[in-house]
Amino acid sequence: MTAVPEATELQAHFDQTLEHSRRIEPRDWVPDKYRATMIRQIAQHAHSEIIGMQPEGNWITRAPSLRRKAILIAKVQDEAGHGMYLYSAAETLGADRADLTEKLISGRQKYSSIFNYPTLSYADVGVIGWLVDGAAICNQVPLCRSSYGPYARAMVRICKEESFHQRQGYELLLTMMRGTDAQRQMVQDATNRFWWPSLMMFGPPDDASPNTAQSMAWGIKRHTNDELRQRFVDMTVPQADKLGVTLPDPELAWNDERGHYDFGAVDWDEFKAVVSGNGPCNAQRIARRQAAHEDGAWVREAALAHAAKAPAVHSAEEHAR
Amino acid sequence: MSDFSAEGGHGAVPVSDVPVRPESAHVRADWPLYEVFLRGKRGLNHVHVGSLHAADPQMALRHARDLYTRRNEGVSIWVVAAADITASSPDEKDPFFAPSGDKVYRHPTFYEIPDDVPHM
C-alpha cells in the first residue's frame, strides 16, 4: 500500500507535466480549478456543436439540389459527431452526460452566441461555412495542443472535419456569385449579417478577458482573443476579394506598418445581450433542443428495457481476434 | 455581468457563474458508457478513439460506426463496457512500473559489441 501523496507533491507533479509540455490524462491528479475550467470549456464547446446543428438544419428540406442536400446533411451530422466527441472528453473529467444535457436545457451552461442568429436565406449556409467555421478553425487549431489529452485528441479529429465544412461553404458561395444578380445580393446580405457576429466569436478584447492569463498558463488556451481575431481578419479579407463581396466595415484597411488589416470596433453590448439570452433565436434554440430530448425519452427507455430482457449477444467474441 | 472568453472552438461563452459539478440526483440513469477501439486498416492494432453511450453492445457497435467511422477511419471496431475495464492507477504509477525501470539489460544498447562485427 503506497502512502497518499501530499497535496504539494501532487501539485508539483502537475506543474512539472505542464512545464514539459506533456499532456494531462484522465485519471491524473489535477487542481480542482483546472478540472472545473476544463469541464466548463469542453461542455460549452459540446453544447455549441449540438445547438450549431439547428441554424443550418433549417435549410436541409429546402436545399436547392440533391447534391447540396447530401452535403448539408453530412455537415450537420458532423456537428452532432463533434458534440459527441466533446461530451465524451468531458466525461473523462467526471462530468455526467445526462447532467450536461440538463444544464444546457436549463440554460445554466451556455453555447456560442453565433448560433442565436437566424439563417434567413440559403446563402447563410455558405456564409456560415466560410465565416463561422473559418473562425472556428482559427480557434480550434491551437486547441489541438491543449494540455488536456482527451480534449486535444477530439480537436484533432474535429479540425480535420471542419476543413470540409469551410470549403463546402466557400464553394457554395462561389457558385452563387456566378449566378444571377439576386443570388449575388443574397451572398452580400448574408455576409453583412454574419461578419460582425463572426468577429465576436473570438471573445472580448484582451484587456477585458481576465481569465486568459490563467488559461494560457495551464496550456488550455494558446493565443489571446485579439491575436486569433486578427489572424481571422487577415485570412478572410483576401477570400472576400476573391469571392467579390464587400465586408461591411468601412474601417477595414491594410496597415503596412503593422503588417495586418485594421478593422472597426465590435459592438460588445450586442454580444453580451445575445450570449446572455436576448439574441434573436435563443429561446427557439433551447426549446428545440428540449423538445428533441423529451421526444426521445421513450426511445432511450425502450432501448434500456430491451437490453435488460435480451442477454447481450457476444458476437464480438467471434470477431475480436 | 459574467466574464466571457473564446475558450471553446465556436467562440466566446461565459466563463464565470457556470456550474460544472454533476447533480446526478436530478437525472435519470443514462445508457451505460462504452469505450471504442478502431482498427484503422489491415495490419494495424485496434486503437482507442473515444467513448459513447448505448443501451447494449450491439447498439454501441452501430453508434461507434456512425460516430467514429464517417470517413472510412476503420475496418474493424471493438466496443467494451467502460465498467469492465481494469486499469492501472496513476497514483501508484512509479512503484507499479518500477520493475522495468532498472532492467537496462533488457535493451540491446546495454551490450557493447565491436563496430567491426557485421550484421549485429
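Everything numeric here is computed off the predicted structure, so don't read it as measured data.

1. Looking at the overall build of chain A
Scanning chain A from N- to C-terminus turns up 14 helices and two strands. For chain A, whose C-alpha radius of gyration is 22 Å, the value lies close to the compact-globule estimate of 20 Å for 321 residues. Burial statistics for chain A: of 321 residues in total, 53% are counted as buried. Pairs at least 24 apart in sequence give 77% of the contacts found in chain A among residues at least 6 apart. Between the averaged position of the 36 positive side-chain charges in chain A and that of its 41 negative side-chain charges there is a distance of 5 Å.

2. Details of the interface of chain A and chain B
Taken residue by residue, the interface counts 75 residues in chain A and 53 residues in chain B. Here chain A packs against chain B, burying approximately 4900 Å² in sum over the two surfaces, 55% of which is carbon and sulfur. Broken down residue by residue, the surface that chain A buries against chain B is led by Arg27(A), Arg40(A) and Arg157(A), which jointly contribute 12%. At the junction of chain A with chain B, the criterion picks out four salt bridges. Taken together, the connections running from chain A to chain B amount to twelve residue pairs in polar contact (both at pLDDT 80 or more). Elements supplying a minimum of two residues to the side of chain A that touches chain B: helix H2 (32-51), helix H4 (66-91), helix H5 (97-105), helix H6 (123-143), helix H7 (149-177), helix H11 (268-278) and helix H13 (297-309) of chain A. When grouped by side-chain class, the residues that make up the side of chain A that touches chain B number 28 nonpolar, 25 polar and 22 charged.

3. Some remarks on the confidence of the model for chain A
Regions with low pLDDT carry predicted coordinates that are not meant to be interpreted in detail. Here chain A shows a mean pLDDT of 92. Residues at 70 or above account for 95%. Looking over chain A, one finds the lowest element-wise mean pLDDT in helix H14 (residues 315-319) of chain A, namely 49, and the highest in strand S2 (residues 260-262) of chain A, namely 98.

4. Thoughts on the packing of aromatic side chains
Residue and element names in this part refer to chain A. Using the criterion set out here, one finds 14 aromatic pairs over all chains in the structure. An angle of 75° between the planes, with centres 5.2 Å apart, marks the rings of Phe14 and Tyr34 as edge-to-face. Of this pair, Phe14 sits in helix H1 (residues 7-19) while Tyr34 sits in helix H2, and the two are 20 residues apart along the sequence. Judged on exposure class, the residue Phe14 and its partner Tyr34 are both buried. Through pairs of rings, three or more aromatic residues link up here, namely Phe14, Trp29, Tyr34 and Trp218. If you follow Arg157 out to its NZ or CZ, it ends over the ring of Tyr85, 5.5 Å from the centre.

5. Comments concerning a positive patch on the surface
Together, Arg23(A), Arg145(A), Arg222(A) and Arg231(A) make up a positively charged patch on the protein surface. Looking at the element boundaries, Arg145(A) is found in the loop between H6 and H7.

6. Considering the sheet that holds strand S5 (residues 76-81) of chain B
Residues and elements named next belong to chain B. As summarised here, the arrangement of the three strands in space is S4-S3-S5, forming an open sheet in which the pairing is antiparallel. A strand with exactly one partner marks an edge of an open sheet, and here the two such strands are strand S4 (46-53) and S5. Here the average twist between neighbouring strands, direction ignored, is 25°. For strand S3 (residues 33-39) and S5, the ladder comprises six bridges, and the chain directions are antiparallel. Directly across from Val36, in S5, lies its bridge partner Val79.

7. Structural notes on the nonpolar core
Soluble globular proteins: nonpolar side chains tend toward being buried together. Grouped together as the largest cluster of nonpolar side chains are 97 residues, with contacts concentrated most on Tyr34(A), Ile42(A), Trp130(A) and Leu52(B). Here this core takes eleven residues from H6(A), the largest share from any one element. Every residue in contact with Ile42(A), bar those within four places of it in the chain, is listed here: Leu86(A), Ala89(A), Ala90(A), Leu93(A), Tyr148(A) and Tyr151(A).

8. Considering the side chain of Ser147(A)
Residues and elements named next belong to chain A. Here Ser147 is to be found in the loop between H6 and H7. Overall, Ser147 belongs to the buried group, its relative accessible area being 3%. Separated by 2.8 Å, the side chains of Ser147 and Tyr34 make a polar contact. A distance of 2.7 Å separates the side chain of Ser147 from the backbone oxygen of Trp218, its partner in a polar contact. Ignoring anything within four residues of it in the chain, the contact list for Ser147 reads Leu18, Arg23, Ile24, Tyr34, Trp218, Gly219, Ile220 and Arg222.

9. Quick word on the environment of Leu173(A)
Residues and elements named next belong to chain A. As for its placement among the helices and strands, Leu173 is situated in helix H7. With relative accessibility at 0%, the residue Leu173 sits in the buried group. Along the chain, Leu173 and Asp124 lie 49 residues apart, while their C-alpha atoms are 9.3 Å from each other. What Leu173 contacts, discounting residues up to four positions off in sequence, is Ala123, Gly126, Val127, Trp130, Val187 and Leu243.

10. What to know about helix H10 (residues 225-243) of chain A
Residue and element names in this part refer to chain A. Spanning 19 residues, H10 covers 27 Å between terminal C-alpha atoms, matching the ideal 27 Å at 1.5 Å per step. By the burial criterion, the buried members of H10 are Asn225, Leu228, Arg229, Gln230, Phe232, Val233, Asp234, Thr236, Val237, Ala240 and Leu243. Within two residues after H10, Gly244 carries a phi angle of roughly 90°, on the positive side.

11. Regarding the packing of H4(A) against H6(A)
Residue and element names in this part refer to chain A. The interhelical angle for the contact between H4 and H6, taken along N-to-C directions, is 40°, at an axis separation of 12 Å. Comparing the axis directions of H4 and H6 gives the class oblique. Handedness of the crossing formed by H4 with H6: left-handed. Every residue of H6 that contacts H4 at Leu72, Lys75 and Glu79 is listed here: Val125, Ile128, Gly129 and Asp133.

12. Points about the pairing of S3(B)
Moving residue by residue along a regular strand, the side chains alternate between the two faces of the sheet. Residues and elements named next belong to chain B. Across the seven residues that make up S3, a large majority, five, are buried. Across seven bridges, the pairing between S3 and S4 is antiparallel. Its bridge partner lying in S4, Tyr34 is registered against Leu52. Taking the residues that link successive antiparallel strands as the turn, the S3-S4 hairpin has six residues, and the phi of Gly43 there is positive, at about 100°.

So, how was this worked out
Counting from 1, residues in each chain are numbered in the order their sequence is written. To label them, take the chains in the order written and letter them from A, then take the ligands in the order written and number them from 1. With the structure being a predicted model, the display of local features is reserved for residues of pLDDT at least 70 and the display and counting of side-chain atom pairs for 80 or more, all residues being used for whole-chain, interface and lining totals. The side-chain quantities take in all heavy atoms of the structure and omit both hydrogens and water. Secondary structure elements follow DSSP: runs of H or I of four or more residues count as helices, runs of E of two or more count as strands, with numbering from the N terminus. C-alpha atoms define the radius of gyration, and 2.2 Å times the number of residues to the power 0.38 defines the globule rule. Think of it in three bands: residues with accessible area under 20% of the maximum for their type are buried, residues over 50% are exposed, and the middle band is partly exposed, with areas taken using a 1.4 Å probe on protein chains only. Contact criterion: two residues are considered in contact whenever any of their non-hydrogen atoms come within 4.5 Å of each other. Asp and Glu count as negative and Lys and Arg as positive, but His and the ends of the chain are not part of the count. Charged side chains are reduced to one point each, which is NZ for Lys, CZ for Arg, CG for Asp and CD for Glu. As used here, buried area is the combined drop in accessible area, with a 1.4 Å probe, of two parts when they are placed together. The term salt bridge refers to a side-chain nitrogen of Lys or Arg lying within 4 Å of a carboxyl oxygen of Asp or Glu. For the purposes of these results, a polar contact is taken to be a pair of N or O atoms within 3.5 Å, where, inside protein, one atom must be able to donate a hydrogen and its partner to accept one; residues adjacent in sequence count only when each atom of the pair is a side-chain atom. Residues are grouped as follows: nonpolar covers Ala, Val, Leu, Ile, Met, Phe, Trp, Tyr, Cys and Pro; charged covers Asp, Glu, Lys and Arg; every other residue, Gly included, is treated as polar. Confidence of the predictor at the level of single residues is given by pLDDT, which spans 0 to 100. The rule is short: rings of Phe, Tyr and Trp, with Trp giving its six-membered ring, pair when the centres are within 6.5 Å, and they are stacked under 30 degrees, edge-to-face over 60, tilted in between. Either the NZ atom of lysine or the CZ atom of arginine qualifies as a charge over a ring when it sits within 6 Å of the ring centre and within 35 degrees of the ring normal. Within the patch definition used here, like charges are joined within 9 Å and nonpolar side chains (Val, Leu, Ile, Met, Phe, Trp, Tyr) within 5 Å, considering only residues with over 30% relative accessible area and no salt bridge. Only the protein chains shown count as cover for residues, with accessible areas throughout obtained via the Shrake-Rupley method and a probe of 1.4 Å. Note on pairing: DSSP must find at least two bridges between two strands before they are called paired. Every axis in this analysis is a line fitted to C-alpha atoms, fitted for helices over the stretch in contact. Angles between the N-to-C directions lie between 0 and 180 degrees. For this analysis, a nonpolar core means a set of buried residues of the types Ala, Val, Leu, Ile, Met, Phe, Trp, Tyr and Cys, connected via side-chain atoms within 4.5 Å. To estimate the expected span of a helix, count its residues, drop one, and scale the result by 1.5 Å. Note on angle classes: values under 35 degrees are labelled roughly parallel, values over 145 roughly antiparallel, values of 65 to 115 roughly perpendicular, and the remainder oblique. Handedness of a crossing follows from how the near helix is turned relative to the far one, being left-handed for an anticlockwise turn of less than a right angle and right-handed for a clockwise one.

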